[in-house]
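Each chain is listed here by its residues.
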There are 2 protein chains.
Amino acid sequence: MEYTKPLARLIEYFQKLPSIGPKTAMRLALHIIKMSENEVQNFSNALIDAKTKIAYCQNCFNMSCSNPCEICSDPTRNKSVICVVGETKDLMAIEKTNEYHGQYHVLQGLISPIDGIGPDDIRIKELLYRINQNDIKEVILALNPSVEGEATSLYLNKLLKPFNIKITRIAFGIPIGSELEYADEITLARALEGRIEI
Amino acid sequence: MEYTKPLARLIEYFQKLPSIGPKTAMRLALHIIKMSENEVQNFSNALIDAKTKIAYCQNCFNMSCSNPCEICSDPTRNKSVICVVGETKDLMAIEKTNEYHGQYHVLQGLISPIDGIGPDDIRIKELLYRINQNDIKEVILALNPSVEGEATSLYLNKLLKPFNIKITRIAFGIPIGSELEYADEITLARALEGRIEI
């Protein structure tokens, strides 16, 4: 049997989403059919709304409905520190810590020659422009500890050196709650390398 | 920071779906925003379509756009065998085997006193009606090997006995590709109990 057409189409759309396989897609689609018509209508509207209303802040390139975004336009935030992240989801992860009260800059990608992504394909010149135009005291690099993240960090570090501002990188090391015994060698080596005086 | 509103709302809707936690919901929502507007529109339409066009077949209670459904109206399928399943997803799982060419009856639930679901809350009387009205030779019970599935199977078995038709149950036992060594005792006991002559 083939699925009845509207069901097959819905399953297909769910399956296109990241981390959704055929079985989950089917479960989600069947769940949708069991929801009330009102709820489905709301969900459908939320999709369109999110897509049409959300754009990128033209200052920090965070996703937002307003330009400048909520963070850039918040007067209580420290304007002299910029935390550079790869994607909006990294920004969100940092915001959840409630420990950072400065500005952000979302690169919208990382340098990755294998994927054909060079320095001009991500928001690096916009970052330089911001640093040029504003009184920035510190740039924090918070990029993933991957090959691409390291490459981008190195590149940015070189590029930002001439500005004579403080450039820092978040610490890579042993995650809190884990045990040294189970840490992989690279992480442990980075933890040693990044040791700080107490 | 709070998520920008349309994003927060979309994340919330994704999170209401089964097996989607907060992190996956965020990832899915961010993915939606990166999709083209056209794709999002199509996805949104697919949701509404599936919800509004799909109803239940009034013969077998399978989800379908047509009544009777594609299976009930297929002339090539054996009309004298009914396979009784709990939910549409179970029907779909059996259809995927390509081994069964009879009719189905979707109970739309299983007897579960704890959840307040009794025999009258699921499509049992409709099953009896079908058996009464048609020349049925065999009823296959393909319900989950759970407490509810077993209870429903027992109940149906008693109810169907007077009709003097063949009543069978799918085999429970060791799954193909696994090893006896790792099978739990209950499964192994059921496999022994359900042994067949070769």
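Residues numbered from 1 in each chain as written. Chains lettered and ligands numbered in written order. Predicted model: local features only at pLDDT ≥ 70, side-chain atom pairs only at ≥ 80, totals over all residues. Heavy atoms only, no water.

A. Up close: the overall build of chain A. Regarding its fold elements, chain A presents seven helices and six strands. Written out in order from the N terminus, the α and β elements of chain A read α-α-α-β-β-β-α-β-α-β-α-β-α. Here the C-alpha atoms of chain A give a radius of gyration of 21 Å, more than 25% beyond the 16 Å that 2.2 N^0.38 yields for 198 residues. The C-alpha extent of chain A, read off along each of the three principal axes, is 65 × 45 × 35 Å. Counting every position in chain A, which comprises 198 residues, the buried fraction comes to 42%. By sequence separation, contacts in chain A at least 24 residues apart represent 47% of the contacts at least 6 residues apart. Of the roughly 11,400 Å² that chain A leaves accessible, carbon and sulfur atoms contribute 54%. (Helix = DSSP H or I, 4+ residues; strand = E, 2+ residues; numbered from the N terminus. Rg over C-alpha atoms; globule rule 2.2 N^0.38 Å. Buried < 20%, exposed > 50% of the residue type's maximum accessible area, 1.4 Å probe, protein only. Contact = heavy atoms within 4.5 Å. Areas by Shrake-Rupley, 256 points an atom, 1.4 Å probe, with all protein chains shown as cover.)

B. Structural view of the sheet that holds strand E3 (residues 81-85) of chain A. Residues and elements named next belong to chain A. Here four strands make up an open sheet; going across it, the order is E4-E3-E5-E6 and the pairing parallel. In this open sheet, the two strands that pair with only one neighbour each are strand E4 (103-106) and strand E6 (166-169). Adjacent strand axes in the sheet meet at a mean angle of 25° when their direction is disregarded. Contacts between helix H5 (residues 124-133) and the sheet are confined to E3, E4 and strand E5 (138-141), with E4 contributing the most and set at about 155° to the helix. (Pairing = 2+ DSSP bridges. Axes fitted to C-alpha atoms, helices over the stretch in contact; angles between N-to-C directions.)

C. Highlighting the domain arrangement of chain A. For chain A, the assigned domains read domain 1 (5-53) and domain 2 (77-192). Using C-alpha coordinates to define each centre, domain 1 of chain A is positioned 35 Å away from domain 2 of chain A. (Domains from an automatic or database assignment.)

D. Representation of the interface of chain B and chain A. Contact residues are listed per partner, giving 55 residues for chain B and 56 residues for chain A. Buried area between chain B and chain A, summed over both chains or domains, comes out near 5,300 Å², and the portion from carbon and sulfur atoms is 73%. On inspection of chain B and its partner chain A, the count reaches four salt bridges. A salt bridge links Lys34(B) to Glu87(A); the nearest nitrogen and oxygen atoms lie 2.9 Å apart. Counting across the interface, chain B meets chain A through ten residue pairs in polar contact (both at pLDDT 80 or more). Listed by contribution, the elements that provide at least two residues to the side of chain B that touches chain A are helix H1 (5-15), helix H2 (22-34), helix H3 (37-53), strand E2 (63-64) and helix H4 (88-97) of chain B. If one sorts the elements of the side of chain B that touches chain A by residue count, H3(B) sits on top with 16 residues. (Buried area = accessible area lost by both parts, 1.4 Å probe. Salt bridge = Lys/Arg side-chain N within 4 Å of Asp/Glu carboxyl O. Polar contact = N/O pair within 3.5 Å; in protein donor to acceptor, adjacent residues only side chain to side chain.)

E. Focus on the pairing of E3(A). Residues and elements named next belong to chain A. The element E3 is largely enclosed, with a buried count of five among its five residues. Alternating residues of E3 divide into Val81, Cys83 and Val85 and Ile82 and Val84, and every residue in both groups is buried. Pairing of E3 with E5, which is carried by four bridges, proceeds in the parallel orientation. Bridging across to E5, Ile82 finds its partner in Val139. Both E3 and E4 contribute to a ladder of four bridges, which runs parallel. Its bridge partner lying in E4, Val85 is registered against Val106. With helix H4 (residues 88-97) bridging E3 and its parallel neighbour E4, the resulting β-α-β unit is right-handed. (Right-handed = clockwise from strand over helix to strand, strands pointing away.)

F. Representation of the environment of Thr152(B) within the structure. Residue and element names in this part refer to chain B. Considering the arrangement of structural elements, one finds Thr152 in helix H6 (residues 147-160). Separated by 43 residues in sequence, Thr152 and Gly109 have C-alpha atoms that sit 9.4 Å apart. Engagement of the side chain of Thr152 in a polar contact is seen with the backbone oxygen of Glu148, the distance being 2.6 Å.

G. Inspection of the side chain of Glu126(A) at higher detail. Residue and element names in this part refer to chain A. Its place among the elements puts Glu126 in helix H5. By relative accessible area, which is 17% here, Glu126 ends up buried. Dropping the residues within four chain positions of it, Glu126 is found in contact with Phe61 and His105.

H. Structural detail: the relation of the copies chain B and chain A. Here chain B sits on chain A after a turn of 180° about the axis and a move of 0.1 Å along it, with an RMSD of 0.1 Å. One copy is carried onto the other by what is essentially a two-fold rotation axis. Across chain B, the rotation axis passes nearest the C-alpha of Ser44(B), at a separation of 2.4 Å. Mapped onto chain A, 100% of the interface residues of chain B are again interface residues, and the two copies thus contact each other with one and the same surface. (Least-squares fit on C-alpha atoms with pLDDT ≥ 70 in both.)

I. Expanded view of the environment of Lys89(B). One can find Lys89(B) in helix H4. Judged by relative accessible area, which is 39%, Lys89(B) ranks as partly exposed. Put simply, Lys89(B) and Gly116(B) are 27 residues apart on the chain and 22 Å apart in space, counted from C-alpha to C-alpha. Those residues within four positions of Lys89(B) in sequence are excluded, and the remaining contacts are Met26(A) and Leu30(A).

J. Molecular detail of the pattern of salt bridges. Within this structure, the stated rule accounts for 14 salt bridges over all chains. Residues Glu95(B) and Arg77(B) are paired through a salt bridge, measuring 2.8 Å at the closest nitrogen-oxygen approach. With Glu95(B) in helix H4 and Arg77(B) in the loop between E2 and strand E3 (81-85), the pair connects residues that are 18 residues apart, well separated along the chain. The exposure class of Arg77(B) is buried, given its relative accessible area of 9%. Sharing partners across several salt bridges, the network here consists of Arg9(A), Asp49(B) and Lys53(B).

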